[in-house]
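# Understanding the architecture of this molecule
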Amino acid sequence: MNSAGHSEATARRGLELTPFRGLRYDPDRVGSLAAVTSPPYDVVVRPDGLHHLQSADPHNIVRLILPQATTPTARNEQAADTLRRWLSEGVLTTDAEPGLYVYEQRDGDGMLQRGIIGALRVSDPSEGVVLPHEDVMPHVVADRAALMRATSANLEPLLLTYRGNGSTSSAIEVVERVAGHPPLLATTTEDGFSHRLWSITDPADLARIQSDLAQHQALIADGHHRWATYRRLRTEHTSPSPWDYGLVLLVDTARYPLRVRAIHRLLHGLPVADALSALDGLFRIRHLPVPLPEALDALADAACAGNAFLLAGDGSFHLIDRPAPDLLARTIPADRPAAWRTLDATVLHATLLDHVWHIPEDDPSRIAYIHDTAATVEKAERDGGTAVLMHPVREEVVRDLARQGVTMPRKSTSFGPKPASGLVLRALDL
């Protein structure tokens, strides 16, 4: 093989998932496993959800992923001190031997998701192995990097997807065979999801999984900021080092399709009346005197025909759609694929936020990104701001854009179910 061919083969070496010694709660030292878990750090609706989780158990994982203190430095030092204390007290213990972990989530509606948790080799987008599909906010990456430096740990797994061969793949065969055995842990969280975890330590099984995954690339479904953090921290350490790898959950969506939901926006300091008046003549505006579920149905119908959004915060819902073509022509960059130019998130950020409402997308004092639809509306009504409710984009659109190297506007999608934080951690200095 010539040198060019060799370089191409190296660049396409695929996913490299390695075993690690998982750090897990000792169930005898905590009230319950459910009480110490949390949604991912960016899904916790603060402050209500944070306070609720903190009071659920003194050892809840939010004390590590969302430490509370007066300054960023103090917050990170507090998280590091808490982690050291829990280790010394035996609240968190390290598994005896390295392994990969099968993780299962079920809900009462028949949703079943299984994937593999491991330490994945960190790669750059140019390698085409892990595909990002959204931009990141630098201040969030800096915040997560400081926390990981202080704790020397990956505190929660990212959610990545890949497209395998369904039930015929070697990795899925191992996953489903292992899931037939008694788990290491099982718990049901208050959202109704049951969670189970198994370890895979058999060398033959590990080899089969690694060989299978080496043929695939992955899409970041949830965790763009943490993946960017992994990449930043890798450059700060001489390779080889534990920082060459980051904690992930890999799900084969050919076998276990994920749900794709929207992430909504809460605009601080912009009353609904002002938001609507700025849209006069630019969008069609319809007042919807109906409950939230019916308003979301109307949004879904409108989204089939083009860009559409729901505004809320004044006790009612307002459907805005049919943007003026000349407005889009003036505000949407023309140097991107048509699939990107027509995304709701693109129109929201390039047209509405930048051009009409003049709200910086990375200023947390002006805008918040919230996954829960009802919570977004409630906060807007309580604070006098505007909730912008989005309709979700399809996974195939996300994956196609990512393969083209085109990133979507930040916080464009919410894939789920997301892994619960607190079931297995990875310490980098053990």
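Refer to the structure printed above.
Remember, it's a predicted structure, so these values are computed and weren't measured experimentally. (Residues numbered from 1 in each chain as written. Predicted model: local features only at pLDDT ≥ 70, side-chain atom pairs only at ≥ 80, totals over all residues. Heavy atoms only, no water.)

## A look at the pairing of strand E11 (residues 218-222)
Put simply, the test is: Burial status follows relative accessibility: with a 1.4 Å probe on protein chains alone, a residue under 20% of its type maximum counts as buried, one over 50% as exposed, and anything between as partly exposed. Here a helix means four or more residues in a row that DSSP labels H or I, a strand means two or more in a row labelled E, and each is numbered from the N terminus. Two strands qualify as a pair provided that DSSP identifies no fewer than 2 bridges between them.
For E11, the buried fraction is high: five of the five residues fall into the buried class. By the bridge criterion, two bridges tie strand E6 (residues 130-131) to E11 in an arrangement that is parallel. Looking at E11, one finds that Leu-131 is bridged to Leu-219.

## Some points on helix H9 (residues 224-235)
For clarity, the cut-off: Helix span, as expected, comes to 1.5 Å for every residue beyond the first.
Taking 1.5 Å of rise per residue, twelve residues should cover 16 Å, and H9 covers 17 Å from first to last C-alpha, within 8% of that figure. Every buried residue of H9 is listed here: His-224, His-225, Arg-226, Trp-227, Ala-228, Thr-229, Tyr-230, Leu-233 and Arg-234.

## Some remarks on the packing of aromatic side chains
Put simply, the rule is: Two aromatic rings, drawn from Phe, Tyr or Trp (for Trp, its six-membered ring), form a pair once their centres lie within 6.5 Å of each other, and the interplanar angle then sorts them: stacked below 30 degrees, edge-to-face above 60, tilted otherwise. Any Lys NZ or Arg CZ that is within 6 Å of a ring centre and within 35 degrees of that ring's normal is treated as a charge sitting over the ring.
Per the counting criterion, the structure on display carries three aromatic pairs. Geometrically, the ring pair formed by Phe-20 and Tyr-101 is tilted, given 5.3 Å between the ring centres and 55 degrees between the ring planes. Linking Phe-20 in the loop between strand E1 (17-18) and strand E2 (23-25) with Tyr-101 in strand E4 (residues 100-106), this pair joins segments that are 81 residues apart in sequence. Both residues of the pair, Phe-20 and Tyr-101, count as buried. Their ring planes at 50 degrees and their centres at 6.1 Å tell us that Tyr-25 and Trp-86 sit as a pair that is tilted. Highlighted residues: Tyr-25 in strand E2 and Trp-86 in helix H5 (residues 72-89), separated in sequence by 61 residues. With respect to class, Tyr-25 is no different from Trp-86; both count as buried. Above the face of the Tyr-41 ring, Arg-144 is positioned so that its terminal group lies 4.0 Å from the ring centre. Residue placement shows Arg-336 over the ring face of Trp-340; its charged tip is 4.4 Å from the ring centre.

Any functional reading would require information beyond the geometric quantities listed.
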